[in-house]
Amino acid sequence: MEEVRTDILILGSGVAGSYAAIHAANLGARVALVTKTELLSGSTRWAQGGVAFPSDSNDIPSHLMDTIKAGRGLVDEHVSITILTEALTQLKHLIDLGVHFDAIPALEGGHSKPRVLHINGDESGLHLLTFLHGQLPSQVSTFENHFAAELISTGGAVHGAVFWKDGDPAKPMVIRADSTIIATGGIGQIYSFTTNPSESTGDGIALAYRCGAIVRDLELVQFHPTVLANGGLISEACRGEGAVLLNKNGERFMTKYDPAEELAPRDVVARSIYRETIETGGVFIDLRPIDDLKHKFPTVYGSLANLGLDPLTEPVPIQPAAHFLMGGISTDEFGATSVARLFAAGEAASTGFHGANRLASNSLLEGIVMGSRAATKALESANSTVSQVEPGKPPGCETESQAEIRQIMANCASVVREEKGLTNGFNDLSEISTFPARSSAEAETANMRLIALMVVKGALEREESRGSHYRSDFPDASTDARHVEQQFDHSGAVRD
Ligand SMILES: Cc1cc2nc3c(=O)[nH]c(=O)nc-3n(C[C@H](O)[C@H](O)[C@H](O)COP(=O)(O)OP(=O)(O)OC[C@H]3O[C@@H](n4cnc5c(N)ncnc54)[C@H](O)[C@@H]3O)c2cc1C
């Protein structure tokens, strides 16, 4: 079997993985940066809003308060202070590298002041990621179309991963590394309606879980309130610029639900839209109050044009869709997981920064800061030797099961959840059979099934409503805010 030896292995070339690669290489490490599709992949390239940086050091307490308020009791204050403080250093670093942020910061939902920096209007993620890839130093070897099928785990530590070139198990390759960083992004593909790209199947979280890492709060899935029928997103910044929500009767309704109206936190807006849709038959966003929509939001305008909709003449239909995972692989403030030499950063990780509900544009920021920290800590891991690698057979599911998984999740674990639906959903997911994967598509399906089971199990266990997680049978938050942890090694754990 082909083998490559490196110091740091990074799974995923979104913002977290790419920034970690630059950082690790600048510290002198040899890095392997691997993606299952092309380098420009994952959610990062689709990010429209931008990056939420505190305006200056005086703004850190206010940015922290907004983050804590959105996170509904589950934000780790210490971790958040360190991330927001380091944000200013990383902002300076990005500007020094040559990133051109737009001059005027934008106001987004849940922020008490304009502090979201865009890069080239609403194409921020695409421009940021393209720029980062242009900065990868020569010690970074990139591997495209290499599907991470399995982590190599011996003696309680991770020493690299097994990949399938072109997603084909008949073309295996091993990358051995002193440390491995998982930056494989989110899980949106387990839902039938999502803003996430096709890569977001939760692979890295499933791999880490199978080798014993603690994952937590997987039930905390944020639903973006304003999504078009084709999954295209109407950025929060549009509401910051004056767009309003109307029900089927043409009435503004957010005034009924929250004093911040259209700029209320995402969970409040998503649930309000859900209710108004049930009560009146549909919800629309009116973008006409925005001056110069075409120029300010070219991506939004383009998505609408693709659907044959003209936002300059009429309101356009929207609904909530799975958007962001607050939970993930549990890490400390440096990106270390509960397994030795295994690190995680970006959306795949759970640092405690987002709590039970992410504040708009805080995720690219977290990817930048935690990508750089994970790289630093990963390098501190001592050299390791592994004599032999015996790839196992990762589980697979029939690829047709993907549609079934998505439908089950849409029915039982979407914006509003309750015990009976969740229990039925868990049983239905359990009945989907697994076998050794014969392709990356089958392995992805098994990963989606495993993640879906953990989301539902977490949602059943969390008998309260908090942030993005709403249980109609437990509509209030419990008095003690707690994390829901899951670990493969424990009895009663979800298994493939
Ligand atoms: C439409 C949209 C708009 C958004 N807008 C904003 C915004 O304005 N501001 C903000 O802060 N956040 C925004 N977000 C959220 C943010 O974009 C993501 O949380 C963030 O980009 C995640 O970055 P990441 O590096 O963790 O993962 P990703 O960017 O998702 O990258 C994941 C990488 O992992 C690779 N990968 C996955 N599985 C495997 C495997 N098995 N083997 C090898 N490689 C694998 C993928 O190919 C990809 O390269 C938005 C998200 C979406 C979907």
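Refer to the preceding data block for the structure.
Since the model is a prediction, treat every value here as computed from it, not as a measurement.

The rules behind each value
- Residue indices begin from 1 for each chain and proceed along its sequence in written order.
- Two thresholds apply to this predicted model, a pLDDT of at least 70 for residue-level local features and 80 or more for giving and counting side-chain atom pairs, whereas whole-chain, interface and lining totals are computed over all residues.
- Excluded from the side-chain calculation are hydrogens and water; included are all heavy atoms of the structure.
- Strands are runs of DSSP state E lasting at least two residues, helices are runs of H or I lasting at least four, and both sets are numbered from the N terminus onward.
- Here the globule rule is a power law, 2.2 Å times the number of residues to the power 0.38, and the radius of gyration is based on C-alpha atoms.
- The buried label goes to any residue with under 20% of its type's maximum accessible area, the exposed label to any with over 50%, and the partly exposed label to all in between, with areas taken from a 1.4 Å probe on protein chains only.
- Residue burial considers only the protein chains on display, and all accessible areas are found by Shrake-Rupley using a 1.4 Å probe.
- Buried Ala, Val, Leu, Ile, Met, Phe, Trp, Tyr and Cys residues that are joined via side-chain atoms within 4.5 Å together make up what is termed a nonpolar core.
- Domain ranges listed in this record stem from an automatic or a database domain assignment.
- Any two residues having at least one pair of non-hydrogen atoms within 4.5 Å are treated as being in contact.
- Whether a residue is near a molecule or strand depends on its heavy atoms: if one lies within 4 Å, it is near.
- Under this definition, polar contacts are N or O atom pairs within 3.5 Å; protein pairs additionally need one hydrogen-donor-capable and one acceptor-capable atom, and for neighbouring residues in sequence, both atoms have to be side-chain atoms.
- A cavity here means a set of points on a 1 Å grid, drawn over the protein atoms and nothing else, where a 1.4 Å probe fits but cannot get out; a pocket is an open set with protein on both sides within 12 Å along at least five of seven lines, and a residue lines either one if it has an atom within 4 Å of a point.
- Grid points are joined across faces, edges and corners, and a volume is the space filled by probe spheres set on the points.
- In this count, Pro and Cys sit with the nonpolar residues alongside Ala, Val, Leu, Ile, Met, Phe, Trp and Tyr, while Asp, Glu, Lys and Arg are called charged and the others, Gly among them, polar.
- Simply put, an axis is a line fit to the C-alpha atoms, just over the touching stretch for a helix, and the angle between two N-to-C directions goes from 0 to 180 degrees.
- Angle categories: roughly parallel below 35 degrees, roughly antiparallel above 145, roughly perpendicular from 65 to 115, and oblique for all the rest.

1. Structural notes on the overall build of the chain
Inference 1: When its secondary structure is counted, the chain shows 14 helices and 19 strands.
Inference 2: Whereas a compact globule of 496 residues would reach a radius of gyration of roughly 23 Å, the chain reaches 21 Å, a difference of no more than 12%.
Inference 3: Expressed along its principal axes, the backbone C-alpha trace of the chain runs to roughly 65 × 55 × 45 Å.
Inference 4: Within the span of the chain, comprising 496 residues, buried residues form 60% of the whole.
Inference 5: When the accessible surface of the chain is totalled, it reaches about 18,100 Å², and 50% of it is carbon and sulfur.

2. Some words on the nonpolar core
Inference 1: If you look at the biggest cluster of nonpolar residues, it comprises 59 residues, and the most contacted ones within it are Ile190, Met409 and Val455.
Inference 2: Looking at this core element by element, the count peaks at ten residues for helix 14 (residues 440–461).
Inference 3: Inspection of this core shows a minimum of three residues originating in each of domain 1 (2–216 + 323–380) and domain 3 (393–476).
Inference 4: Leave out the neighbours within four places in its chain, and methionine 409 touches Ile190, Tyr191, Ser414, Leu429, Ala452, Val455 and Val456.
Inference 5: Judged by nonpolar contacts, the second largest core, of 46 residues, contains Leu136, Ala183, Ala345 and Val369.

3. Section: the site of the ligand
Inference 1: Neighbouring the ligand are 38 residues; Ser41, Thr44, Gly49, Glu347 and Ser363 lie closest to it.
Inference 2: Between an oxygen atom of the ligand and a main-chain N or O atom of valine 15, the distance comes to 3.2 Å.
Inference 3: Alanine 148 is positioned such that a nitrogen or oxygen atom in its backbone is 2.9 Å from a nitrogen atom of the ligand.
Inference 4: Here the ligand loses 98% of its free accessible area of 1,000 Å² to cover by the protein chains.

4. What about empty space enclosed by the protein?
One way to see where empty space is left: roll a probe the size of a water molecule over the atoms.
Inference 1: Using the criterion set out here, one finds four cavities of 30 Å³ or more in the structure.
Inference 2: Residues belonging to the lining of the largest cavity are distributed by class as follows: five nonpolar, six polar and three charged.
Inference 3: Lining the second largest cavity are Gln222, Phe223, Asp267, Ala270, Arg271, Asn357, Val415 and Ser468.
Inference 4: Put simply, the parts of the chain that give the lining of the second largest cavity at least two residues each are strand 10 (221–227) and helix 8 (266–280).
Inference 5: In terms of residue count, helix 8 provides more of the lining of the second largest cavity than any other element does, three residues in total.

5. Things to note about the side chain of serine 235
Inference 1: Its location among the elements puts serine 235 in the loop between strand 10 and helix 6 (236–240).
Inference 2: Relative accessible area serves as the criterion here: at 2%, serine 235 is assigned to the buried category.
Inference 3: Among the polar contacts made by the side chain of serine 235, one reaches the main-chain amide nitrogen of alanine 237 at a distance of 2.9 Å.
Inference 4: Ignoring anything within four residues of it in the chain, the contact list for serine 235 reads Gln48, Gly49, Phe297 and Val300.

6. Some details on unusual backbone geometry
Inference 1: The backbone of aspartate 292 shows a phi angle near 55°, a positive value even though the residue is not glycine.
Inference 2: For aspartate 292, the position within the fold is in the loop between strand 12 (283–286) and helix 9 (293–296).

7. A word on the packing of helix 5 (residues 203–210) against helix 14
Inference 1: The contact between helix 5 and helix 14 brings their axes to 9 Å, and the two run at 75°. The angle between the axes of helix 5 and helix 14 places the two elements in the roughly perpendicular class. From helix 5, Asp203, Ile205, Ala206, Tyr209 and Arg210 reach across to helix 14, where they touch Glu444, Ala446, Asn447, Leu450, Ile451 and Met454.
Inference 2: Tallied by class, the residues present in the contact of helix 5 with helix 14 amount to seven nonpolar, one polar and three charged.

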